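# Commentary on secondary and tertiary structure
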Amino acid sequence: MFKRIMIVCVGNICRSPTAEILLREALEPSGIVVRSAGISAVKNKPIEASARAVLEEHGHTVTEHSGTQLNVALVNESDLILVMEPGHINAVLEIAPEARGKVLLLGKWQNNREISDPYRQGKPAFEHAYALIKEAVNAWATRLVR
């Protein structure tokens, strides 16, 4: 069973914090710890305003978030690492090659769907990313708490 899940994107201010919040909510009674980080994180920055607005409009509580840089320690303490794009798998493995086998796409159960970065693309892009993330998170949650 997975006890610690890390969700990764590039800046850790849009996609990964959105997925972190959704997956944490979906897994809440399980005790699984969900965190997020970025390959090139915008360190110490809060969740992007449009990402926050979309989450709140969908009824989610947005807790304090501070952009976190992915590092070897975070990779090694995670049992499962979920990423947004195929290139992120390679980036994680460059940081920690020993993570091979535990890094998968968040969209794995949607035919390895990529979730594109909505950063600086306007609210419709954030709504689209939210919908894809929600679908992927729900698919993971049903498999993680069996």
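This is a predicted model, so every value here is computed, not measured.

Here the focus is helix α4 (residues 86-95). Along α4, the positions that sit buried rather than exposed are H88, A91, V92 and L93. Residues of α4 that are buried make contact with β1 (4-9), α1 (15-27), α3 (72-76), β3 (80-83) and β4 (103-105).

Turning next to the sheet that holds strand β2 (residues 33-38). Strand order in this open sheet of four strands is β2-β1-β3-β4, and the pairing throughout is parallel. Of all strands in the sheet, those bounded by a partner on one side alone are β2 and β4. For this sheet, the mean angle separating the axes of adjacent strands, direction not counted, is 30°. The pairing of β1 with β2 spans six bridges and is parallel. Among the inter-strand pairings, V8 is bridged to a residue of β2, identified as A37.

Here the focus is the nonpolar core. Residues I5, I7, L23, L27, L82 and L106 are the most contacted members of the largest nonpolar core, which totals 32 residues. Sorting the residues of this core by element identifies β1, α1, α2 (49-57), β3 and α5 (123-144) as the ones contributing at least two each. Examining the composition of this core, we find that ten residues originate from one element, α5, more than from any other. Non-local contacts of I7, meaning those with residues more than four positions away in its chain, are made with S16, A19, E20, L23, V34, R35, S36, A37, L82 and M84. L70, I81, V103 and L105 belong to the second largest nonpolar core, which has 16 residues in total.

For the pair α2 and α5, interaxial distance at closest approach is 9 Å and the crossing angle is 55°. With respect to each other, α2 and α5 are oriented oblique. Taken as a pair, α2 and α5 cross one another with a handedness that is right-handed. Taking contact as the criterion, the partners of S50, A51, V54, L55 and E57 in α2 are, on α5, K123, F126, E127 and Y130. Of the residues that constitute the contact of α2 with α5, the class distribution is five nonpolar, one polar and three charged.

We now examine the environment of V8. Tracing the chain through its elements places V8 in strand β1. Each C-alpha atom, one on V8 and one on A139, is 17 Å from the other, the two residues being 131 residues apart in sequence. Once you skip the residues sitting within four places of it in the chain, V8 turns out to touch S16, A37, I39, L70, I81, L82, V83, M84, H88 and V92.

The next point concerns empty space enclosed by the protein. Inspection of every chain in the model, using the stated rule, returns one cavity of 30 Å³ or more. Here the largest cavity is characterised by a volume of approximately 60 Å³. The wall of the largest cavity is formed by C14, R15, T18, A51, V54, L55, P118, F126, A129, Y130 and I133. Looking at the lining of the largest cavity, the elements that each hand over two or more residues are α1, α2 and α5. Counting residues per element, the lining of the largest cavity draws most heavily on α5, at four residues. Classifying every residue of the lining of the largest cavity gives nine nonpolar, one polar and one charged.

Two cysteines form a disulfide when their sulfur atoms are joined by a covalent bond. Across all of its chains, the model carries zero disulfides by this definition. No disulfide involves C9; its sulfur sits 6.9 Å from that of C14, the nearest cysteine. Under the relative-accessibility criterion, C9 is labelled buried at 2%.

What counts, and at which threshold
Residues numbered from 1 in each chain as written. Predicted model: local features only at pLDDT ≥ 70, side-chain atom pairs only at ≥ 80, totals over all residues. Heavy atoms only, no water. Buried < 20%, exposed > 50% of the residue type's maximum accessible area, 1.4 Å probe, protein only. Helix = DSSP H or I, 4+ residues; strand = E, 2+ residues; numbered from the N terminus. Contact = heavy atoms within 4.5 Å. Pairing = 2+ DSSP bridges. Axes fitted to C-alpha atoms, helices over the stretch in contact; angles between N-to-C directions. Core = buried A, V, L, I, M, F, W, Y, C linked by side-chain atoms within 4.5 Å. Parallel < 35°, antiparallel > 145°, perpendicular 65-115°, else oblique. Left-handed = near helix turned anticlockwise from the far one by under 90°. Nonpolar A, V, L, I, M, F, W, Y, C, P; charged D, E, K, R; others polar. 1 Å grid on protein atoms, 1.4 Å probe; cavity = no way out; pocket = protein on both sides within 12 Å on 5 of 7 lines; lining within 4 Å. Points joined across faces, edges and corners; volume = space filled by probe spheres on them. Disulfide = S-S within 2.5 Å.

From the geometry alone we can't say anything about function, so treat these as descriptive.
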